[in-house]
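Coordinate analysis (summary)
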Amino acid sequence: MRDLLPITVIGYGCVSAAGRNAEIASENIRAGVAAHVPVADGFFPGDFTAPCFLVRNEWLPAISRFNRTILLALAAIKEALGRAEMSVADLQKKRVGIALGTTVGCTFHNEEYYRQWKDGTGPDSGPLFTYLASNISHVVQEYLGVKGPRLVITNACASGTDAIGVAKRWLEYGLCDIAIGGGADELSRVACHGFKSLMLVSREECRPFDRDRKGLSLGEGSGVVLLETEKNTLAGKKNIYGWIRGYGIAGDAHHPTAPDPEGRGLQQALGKALSNSGVTSEIISMINAHGTGTPANDLAETNALAAMGFDSATVPVVSTKGATGHTLGAAGGLEAVFTLMALNKGEVTGTIGCRNPDPKFAFQVLPAAQNVSFTGRIGISQSLAFGGSNSALVIEGAGV
Amino acid sequence: MRISVRAVSGHYLEDLCIPAELSRYLRRADTFIQLAVVAAFQTFLAAGEGYQNTHDDCGLILGTTFGTMETNFEVLDQIVAGQQASPILFSHSVFNAAVGYMATIFKIRGCALTVTDFSFPFFRALQEASLALQSGTITRCLVLQVETYSTLLQDARKTHSVDTHPWNPGAVCWLLETEREEPGTTFHLDHFEIDTCTCDPLDFLSYHETVDLGNRVENTCAPLAAAMVIGDEISCGKDRNVLDCKVEGVSGKVRIILKKG
């Protein structure tokens, strides 16, 4: 093991139902806005209707050859580059790593093609070619005209967090000069049907950590961070918005789909992220939890946080999924951005939808309509995924 | 820090034989999961280890070109027919389902990642495993490529690919670890690079690659083939001290140098 280089956040961007960019989303979260709309229309089976969190089409670039997941990613990347005051031409002078997480974005779900193929009527090849040209990191790499390592992380709901961890490691080991890490996912009919089949979708608004929580609400979006080694950032006299201090990933080894009720894998991931960051849990000022609003997830997370010794009186824990819905592969990217912004502001807003925190939890989260100010600058963003994978990022704000 | 290739295994679906001790875990699993779990099991056996040890310091990184495509279509079948999706099928259609099974069965608690790319998925997974090992967060890592393709994809190849020989589903698995054995007994990763370039997406249906092993060149035309060929060479080429492998395809090239001593 060697001493690792500090990794700076030189730009960030996001798009979600909470807002077309990071500033607007942050304001809406602070105001307690939950911009969900009822979705049925074939997204869910039968007459089932559920609130979903959608991104407005006019917020996305109009590039017809790309699928919606890629457009979401490009919107977030454009914002991140703008915040970093970097042009695409600037990027092209560097080795740029692209690590993006997705779930829907890597699957071939074109129903028209599939129906025609099943019927033996010889489908139009367009959708198949589009699929073969839609590996999200490959597309972003070619769209930006950059060279460097690339990876699509398909680790279900932890993909975005893992992508940022991967991007951080590439920089630490010199594989690239700048890295884009995060995630993107569009709302998908298959995901809606699938999560409904698992009885995880709430027909009401999503209420993470609430005693009356009924499940998750699906959403779409993208969140990315633009990373660099601190040495290069200082040499280039760029703005520093914060640092990705640590990354940890660990498996529950408990069940292929359900989380370990005690959150053992999450505890291990948190321990690794803290160790990687070189800080102790006492330094943590806030935690942006995965907080999906499903009974099993919220129980596992709160048990893990209690077991790790965090104190709810001093460490506010929130979920932002009440404002964005569960955006699957994008969630880790969006939540890393929101965590960084809260750390820079020195204030975190309570969990939208959580009016009555579940008293059975071993750890009490910050409920809706409560704001907490803090003076520390280091926090955690954490994700749990199908397959029992858990990931955590230790993030430091620069106070800007 | 040196990273050695402790054990290697690989098999195609036609040779898949589920060991009795795994059958209860894999009763409901799809082919993608079965291929992955059996490959990991055989790799642990090849390393001379039992599969039920707890692997706290072991990671797991699975690369794939097309993921669980066939199972995705089985879910789509139900949706298109206006039926409720099966929760088991949907769970298995998630790309990291296989990694979840492996982590549970083999009690692997280190990193567990699935990565997806049309070009060089095994080698991208290998690169991430190498970095994870160098970081010291794990001391061993299973690296896999698993492919099941799909009937739809095989049909599309008949229309759009010059080479229409069906792709064989299968899995390749390597066990990497930070070097603990006496130098000379196993290969270690000496050099690794991936260089990608722009290509026509249709070329992913042909998947022509050349695999130069130093003493011979093989022309392959399937996403799993290069990893399988190099894995075979590691297993069979015990008398070689240097294995300089170059894989070149339409989407770029990979070079791996493995050395003993």
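Remember, predicted model here, so these are calculated numbers, not experimental data.

Points about the overall build of chain B
Along the backbone of chain B there are eight helices and 10 strands. A compact globule built from 261 residues should have a C-alpha radius of gyration of about 18 Å, and chain B, at 18 Å, falls within 12% of that. With the C-alpha coordinates of chain B rotated into their principal frame, the extents come out at 60 × 45 × 30 Å. Put simply, chain B shows about 9,100 Å² of open surface, and 47% of that area lies on carbon and sulfur atoms. Counting 20 positive and 32 negative side-chain charges, chain B places the averaged centre of each group 6 Å from the other.

A few points about the pattern of salt bridges
Residue and element names in this part refer to chain A. This model, assessed by the stated rule, comprises 38 salt bridges over all chains. The closest approach of N and O atoms between Glu-205 and Arg-207, which form a salt bridge, is 3.9 Å. By relative accessible area, which is 24% here, Glu-205 ends up partly exposed. Between Arg-211 and Asp-212 there is a salt bridge, with its nearest N and O atoms 3.5 Å apart. The exposure class of Asp-212 is partly exposed, given its relative accessible area of 31%.

Quick look at the confidence of the model for chain B
Per-residue confidence for chain B averages 93 on the pLDDT scale, and 98% of its residues sit at or above 70. We note a pTM of 0.97 for the whole complex and an ipTM of 0.96 for its interfaces.

Thoughts on the packing of aromatic side chains
On inspection of all chains with the given rule, the structure shows 24 aromatic pairs over all chains. Ring centres 6.0 Å apart and planes at 40 degrees place the aromatic pair Phe-195 of chain A and Phe-386 of chain A in the tilted group. Taken together, the residues Phe-195 of chain A in helix H8 (residues 189-197) and Phe-386 of chain A in the loop between strand E13 (378-385) and strand E14 (389-397) connect sequence positions 191 residues apart. Here the two residues Phe-195 of chain A and Phe-386 of chain A agree in accessibility, since each one is buried. Ring centres of Phe-122 of chain B and Trp-174 of chain B lie 5.0 Å apart, and the angle between their planes is 65 degrees; on these two criteria the pair is classed as edge-to-face.

Some points on helix H6 (residues 136-144) of chain A
For an α-helix, the turn length of 3.6 residues means that residues three or four places apart are oriented alike. All names here are of chain A. Buried residues dominate H6, accounting for seven of its nine residues. Those residues of H6 that fall on the buried side of the exposure criterion are Ile-136, Ser-137, His-138, Val-139, Val-140, Gln-141 and Leu-144. Immediately downstream of H6, the backbone of Gly-145 shows phi near 70 degrees, a positive value.

Details of the packing of helix H2 (residues 68-83) of chain A against H6 of chain A
All names here are of chain A. As a packed pair, H2 and H6 sit with axes 11 Å apart at the nearest point and diverge in direction by 50 degrees. Between H2 and H6, the crossing angle belongs to the class labelled oblique. Taken as a pair, H2 and H6 cross one another with a handedness that is right-handed. Residue-level inspection shows Thr-69, Ile-70, Ala-73, Leu-74, Ile-77 and Leu-81 of H2 in contact with H6, the latter providing Ile-136, Val-139, Val-140, Tyr-143 and Leu-144. Looking at the contact of H2 with H6 residue by residue, the classes come out as 10 nonpolar, one polar and no charged.

Section: the side chain of Glu-49 of chain B
All names here are of chain B. In this structure, Glu-49 sits in the loop between helix H2 (31-46) and strand E2 (58-64). In terms of polar contacts, Glu-49 uses its side chain to reach the side chain of Arg-140, at 2.4 Å. For Glu-49, the residues in contact, after removing those within four places along its chain, are Arg-6, Phe-44, His-55, Arg-140 and Arg-180.

As for the environment of Phe-120 of chain B
All names here are of chain B. Looking at the secondary structure, you find Phe-120 in the loop between strand E3 (112-116) and helix H6 (121-135). Classification of Phe-120 as buried rests on a relative accessible area of 2%. Residues Phe-120 and Leu-62, spaced 58 residues apart in sequence, show a C-alpha to C-alpha distance of 12 Å. For Phe-120, the residues in contact, after removing those within four places along its chain, are Ile-194, Asp-195, Thr-196, Tyr-207, Glu-209, Val-247, Ser-251, Gly-252, Lys-253 and Val-254.

Quick look at the state of the cysteines
All names here are of chain B. Overall, the coordinates contain zero disulfides over all chains when judged by the stated rule. Cysteine Cys-17 remains unbridged, with the sulfur of Cys-173 as its closest cysteine sulfur at 17 Å. Residue classification places Cys-17 among the exposed residues on the basis of a relative accessible area of 55%. Cys-199 takes part in no disulfide bond, and the closest cysteine sulfur to it belongs to Cys-197, at a distance of 6.6 Å. Classification of Cys-199 by relative accessible area gives buried; the value is 17%.

Considering the interface of chain A and chain B
Contacts between the two partners involve 60 residues from chain A and, on the opposite side, 61 residues from chain B. In this assembly, chain A packs against chain B so that about 5,400 Å² is buried in total across both faces, 62% of it on carbon and sulfur atoms. Between the two partners, chain A and chain B, sit three salt bridges. For Asp-117 of chain B, the salt bridge goes to Arg-150 of chain A, with nearest N and O atoms at 2.8 Å. Counting only elements with at least two residues in the side of chain A that touches chain B, the list comes to helix H4 (111-119), helix H5 (126-132), H6, strand E5 (150-153), helix H7 (159-172), H8, strand E8 (242-251) and helix H10 (264-277) of chain A. Sort the elements by how many residues they give to the side of chain A that touches chain B and H8 of chain A lands first, with eight residues. Looking at the side of chain A that touches chain B residue by residue, the class counts come to 30 nonpolar, 18 polar and 12 charged.

Quick word on the environment of Ile-88 of chain B
Residue and element names in this part refer to chain B. Topologically, Ile-88 is positioned in helix H4 (residues 87-93). Relative accessible area serves as the criterion here: at 33%, Ile-88 is assigned to the partly exposed category. On a C-alpha basis, the gap between Ile-88 and Arg-28 in space is 8.1 Å, while along the polypeptide they are 60 residues apart.

Quick word on the pairing of strand E4 (residues 96-101) of chain A
Residue and element names in this part refer to chain A. For E4, a buried count of six out of six residues is recorded, marking the element as mostly surrounded by other parts of the structure. Along E4, one buried face is formed by Val-96, Ile-98 and Leu-100 and the opposite face, lined by Gly-97, Ala-99 and Gly-101, is buried too. Sheet analysis places E4 next to strand E6 (residues 178-185), joined by six bridges and oriented parallel. Among the inter-strand pairings, Leu-100 is bridged to a residue of E6, identified as Gly-182.

A closer look at the nonpolar core
Residues and elements named next belong to chain B. Of all hydrophobic cores here, the largest spans 131 residues; its most connected members are Phe-123, Trp-174 and Leu-176. Residues contacting Leu-176, with those up to four places away along its chain left out, are Ile-3, Ser-4, Val-5, Leu-126, Ala-129, Leu-133, Thr-139, Arg-140, Cys-141, Val-143 and Leu-189. Counting 35 residues, the second-largest nonpolar core is a separate cluster that includes Leu-35, Cys-58, Leu-62 and Leu-144.

Remarks on the pairing of strand E7 (residues 221-229) of chain A
Residues and elements named next belong to chain A. For E7, the buried fraction is high: nine of the nine residues fall into the buried class. Side chains Gly-221, Gly-223, Val-225, Leu-227 and Thr-229 project from E7 onto one buried face, and the interleaved Ser-222, Val-224, Leu-226 and Glu-228 project onto a second face that is buried too. Of the strand pairs in this sheet, strand E1 (residues 7-16) and E7 are connected by nine bridges, and their pairing is antiparallel. When the bridges of E7 are listed, Gly-13 appears paired with Val-224.

Calculation rules
Throughout this description, residue numbers start from 1 for each chain and increase along the sequence as written. To read the labels, note that chains go from A and ligands from 1, taken in the order they are written. Per-residue local features of the predicted model are confined to residues with pLDDT of at least 70, and side-chain atom pairs are confined, for both listing and counting, to 80 or more; whole-chain, interface and lining totals are unaffected and use all residues. Only hydrogens and water are set aside; all other atoms, that is, all heavy atoms of the structure, feed into the side-chain values. Secondary structure elements are defined from DSSP: runs of H or I of at least 4 residues count as helices, runs of E of at least 2 residues count as strands, and each element is numbered from the N terminus. A radius of gyration in this sense is built from C-alpha atoms; the matching globule rule multiplies 2.2 Å by the number of residues raised to 0.38. Method for areas: the Shrake-Rupley scheme with a 1.4 Å probe, in which residue coverage is limited to the protein chains shown. A positive count includes Lys and Arg, and a negative count includes Asp and Glu. His and the chain ends are not counted in either. For the purpose of locating charges, the reference atoms are NZ of Lys, CZ of Arg, CG of Asp and CD of Glu. The term salt bridge refers to a pairing of a side-chain nitrogen on Lys or Arg with a carboxyl oxygen on Asp or Glu at a separation within 4 Å. Relative accessibility decides the category of a residue: with a 1.4 Å probe and only protein chains considered, values under 20% of the type maximum give buried, values over 50% give exposed, and everything between is partly exposed. The predictor attaches a confidence to each residue, called pLDDT, with possible values from 0 through 100. Note on ring pairs: Phe, Tyr and Trp rings are taken, using the six-membered ring of Trp, and paired if centres are within 6.5 Å. Classes follow the plane angle, with under 30 degrees stacked, over 60 edge-to-face and the rest tilted. For every element, the axis is a line fit to its C-alpha atoms; helices are fit only across the contacting stretch, and the angle between N-to-C directions ranges from 0 to 180 degrees. Under this scheme an angle from 65 to 115 degrees is roughly perpendicular, one under 35 degrees roughly parallel, and one over 145 degrees roughly antiparallel; angles in between are oblique. Handedness of a crossing follows from how the near helix is turned relative to the far one, being left-handed for an anticlockwise turn of less than a right angle and right-handed for a clockwise one. Two residues form a contact once any of their heavy atoms are found within 4.5 Å. Gly falls in the polar group here, along with every residue not listed as nonpolar (Ala, Val, Leu, Ile, Met, Phe, Trp, Tyr, Cys, Pro) or charged (Asp, Glu, Lys, Arg). We call two N or O atoms a polar contact when they sit within 3.5 Å, provided that within protein one can donate a hydrogen and the other can accept it, with sequence-adjacent residues counted only if both atoms are side-chain atoms. When the sulfur atoms of two cysteines come within 2.5 Å, that pair is taken as a disulfide. Note on terms: buried area is the combined drop in 1.4 Å-probe accessible area of two parts once they are placed together, counting the loss on both. Two strands pair under a simple rule: DSSP has to find at least two bridges between them. By convention a nonpolar core is built from buried Ala, Val, Leu, Ile, Met, Phe, Trp, Tyr and Cys residues, the set being connected through side-chain atoms within 4.5 Å.

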